[in-house]
Amino acid sequence: MLHHNTYLHPSNTEWVTFVHGAGGSSNIWFKQLRSFTKHFNVLVLDLRGHGDSKSKTLTADASTYTFDAITDDIFEVIDYLKIKNSHFIGISLGTILIRNLAEKSPEKVKSMIMGGAIMKMNFRSQVLMRLGVWFKSVVPYIYLYQLFAFIIMPRKNHKQSRLLFVREAKKLYQKEFIKWFKLTAEINPLLRFFRAKDVNIPTLYIMGEEDYLFLPIIRKIVNIHKQARLFIIPNCGHVVNVERHEVFNQNAIGFIKEH
């Protein structure tokens with residue numbers, strides 16, 4: 001089972017579950033915990049191969065690394081804790097996992113807050129993925145990750161987010177990085193399906209104005225999906241929960257209280 005921590009509220013029965021992205025860990029939510037635990041029960045977890053879940057998945061075969069399998073890891077924790085349903089908050093690749101959770105068991109997902117959401121890989125991001133596929137076995141993964149982080153978060157005001165993700169990524173092993181990278185083979189058809197199908201669950205996209213790789217498609221999605229909203233944070237990049245945590249927390253908490 002994935003490593004996880006819970007923070008119980010003395011009276012509120014609502015749950016909020018945080019799902020980090022590839023290369024991160026539950027540590028990236030440190031600017032959310034104080035605010036959210038004042039209002040809700042909170043669950044944070046480390047995805048397989050990340051954070052304190054790393055030792056539990058070292059022997060896992062690469063063929064078991066699929067979006068469905070990683071989603072099932074999250075379900076296992078939720079079921080173990082007997083959480084009937086939860087609001088889910090994700091960042092970057094974590095938003096894909098949350099959307100997959102909603103597809104597989106919509107009754108367990110009360111709402112989705114998608115920070116720095118990935119719903120389409122544009123030409124530039126697909127070139128990045130292709131480079132990663134070519135070099136993943138010969139170049140130390142941390143060099144690739146540093147390159148990706150810089151291209152996704154290039155500006156001076158993105159530096160804190162960039163350094164945080166690189167620091168967390170250093171805790172991975174090369175073999176673990178390669179296993180996660182193989183997920184890119186199934187990402188395009190999955191995202192195409194998510195864009196086409198409205199899951200009809202209240203969804204708030206919180207995007208940075210400078211998230212030039214992923215913001216354009218989110219603008220289009222919120223015009224198609226009936227229960228989707230978009231909040232854009234000015235002068236902010238991809239990792240909105242770190243770079244502008246106060247704005248992120250305020251909007252996410254307000255949205256959850258509505259639903």
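A.B. asks: Would you explain the pattern of salt bridges in this entry?
C.D. replies: Where side chains of opposite charge bring their charged atoms close, a pairing between them can arise. Taken as a whole and judged by the stated rule, the model has eight salt bridges. Here Lys197 makes a salt bridge to Glu103, at a shortest N to O gap of 2.6 Å. With Lys197 in the loop between α8 (187–196) and β6 (203–208) and Glu103 in helix α3 (residues 93–104), this pair connects stretches of sequence that are 94 residues apart. Look at Glu103 and you get partly exposed, because its relative accessible area is 22%. A salt bridge links Arg229 to Glu258, with the shortest nitrogen-to-oxygen separation between them at 2.5 Å. Pair noted here: Arg229 is in strand β7 (residues 228–233) and Glu258 is in helix α11 (residues 245–258), with a separation of 29 residues, a long-range link. Judged by its relative accessible area of 39%, Arg229 falls in the partly exposed class. Through salt bridges that share partners, Asp68, Asp72 and Lys104 make up one connected network.

A.B. asks: Help me understand the environment of Thr203, please; the structure alone is not making it clear to me.
C.D. replies: Within the secondary structure layout, Thr203 lies in strand β6. Residues Thr203 and Leu230 lie 27 residues apart in sequence; the distance between their C-alpha atoms is 8.6 Å. Leave out the neighbours within four places in its chain, and Thr203 touches Met112, Met114, Gln227, Ala228, Arg229 and Phe255. A distance of 2.8 Å separates a polar atom in the side chain of Thr203 from the backbone oxygen of Ile201.

A.B. asks: I tried to follow the side chain of Ser86 on my own but got confused; where do I start?
C.D. replies: With respect to the helices, strands and loops of the structure, Ser86 is situated in strand β4 (residues 86–91). In terms of polar contacts, Ser86 uses its side chain to reach the side chain of Thr17, at 2.9 Å. Once residues lying within four places of it in the same chain are set aside, the contact partners of Ser86 are Trp15, Val16, Thr17, Lys108, Val109, Lys110 and Ser111.

A.B. asks: Just checking my understanding: could you explain the environment of Val242 for this structure?
C.D. replies: Residue position: Val242 is located in helix α10 (residues 240–243). Along the sequence, Val242 and Phe30 sit 212 residues apart, while their C-alpha atoms lie 8.6 Å from each other. What Val242 contacts, discounting residues up to four positions off in sequence, is Ile28, Lys31, Gln160, Ser161 and Leu164.

A.B. asks: How do you make sense of empty space enclosed by the protein when you look at a structure like this?
C.D. replies: Summary: where empty space remains is shown by rolling a probe the size of a single water molecule over the atoms. Applying the stated rule across the entire model yields three cavities of 30 Å³ or more. What lines the second largest cavity is simply Arg99, Met112, Asp198, Val199, Ile201, Thr203, Tyr205, His225, Gln227 and Ala228. Of the residues contributing to the lining of the second largest cavity, the split by class is five nonpolar, three polar and two charged.

A.B. asks: Where do I start with the pairing of strand β5 (residues 109–115) in this structure?
C.D. replies: On any regular strand, side chains alternate: one points to one face of the sheet, the next to the other face. Counted residue by residue, β5 has six buried out of seven residues, so it is predominantly covered. Here six bridges tie β4 to β5, and the two strands are oriented parallel to one another. Bridge pairing in β5 links Ser86 to Val109.

A.B. asks: Please explain the nonpolar core as it appears in this structure.
C.D. replies: Here is a general trend for soluble globular proteins: nonpolar side chains tend to be buried in one another's company. Within the largest apolar cluster, 42 residues are counted, with the highest numbers of intra-cluster contacts made by Ile74, Ile96, Leu97, Met112, Met119, Tyr205 and Ile218. Of all the elements in the fold, those that place two or more residues in this core are β2 (15–19), β3 (41–45), α2 (67–80), α3, β5, α8, β6 and α9 (215–221). Among all residues touching Ile96, those that are not within four sequence positions of it are Phe67, Ile118, Ile187, Leu190, Leu191 and Phe194. Residues Leu33, Phe40, Leu164 and Ile206 belong to the second largest nonpolar core, which totals 25 residues.

About the criteria used
Residues numbered from 1 in each chain as written. Predicted model: local features only at pLDDT ≥ 70, side-chain atom pairs only at ≥ 80, totals over all residues. Heavy atoms only, no water. Salt bridge = Lys/Arg side-chain N within 4 Å of Asp/Glu carboxyl O. Helix = DSSP H or I, 4+ residues; strand = E, 2+ residues; numbered from the N terminus. Buried < 20%, exposed > 50% of the residue type's maximum accessible area, 1.4 Å probe, protein only. Contact = heavy atoms within 4.5 Å. Polar contact = N/O pair within 3.5 Å; in protein donor to acceptor, adjacent residues only side chain to side chain. 1 Å grid on protein atoms, 1.4 Å probe; cavity = no way out; pocket = protein on both sides within 12 Å on 5 of 7 lines; lining within 4 Å. Points joined across faces, edges and corners; volume = space filled by probe spheres on them. Nonpolar A, V, L, I, M, F, W, Y, C, P; charged D, E, K, R; others polar. Pairing = 2+ DSSP bridges. Core = buried A, V, L, I, M, F, W, Y, C linked by side-chain atoms within 4.5 Å.

The values are spatial; any link to function lies outside them.
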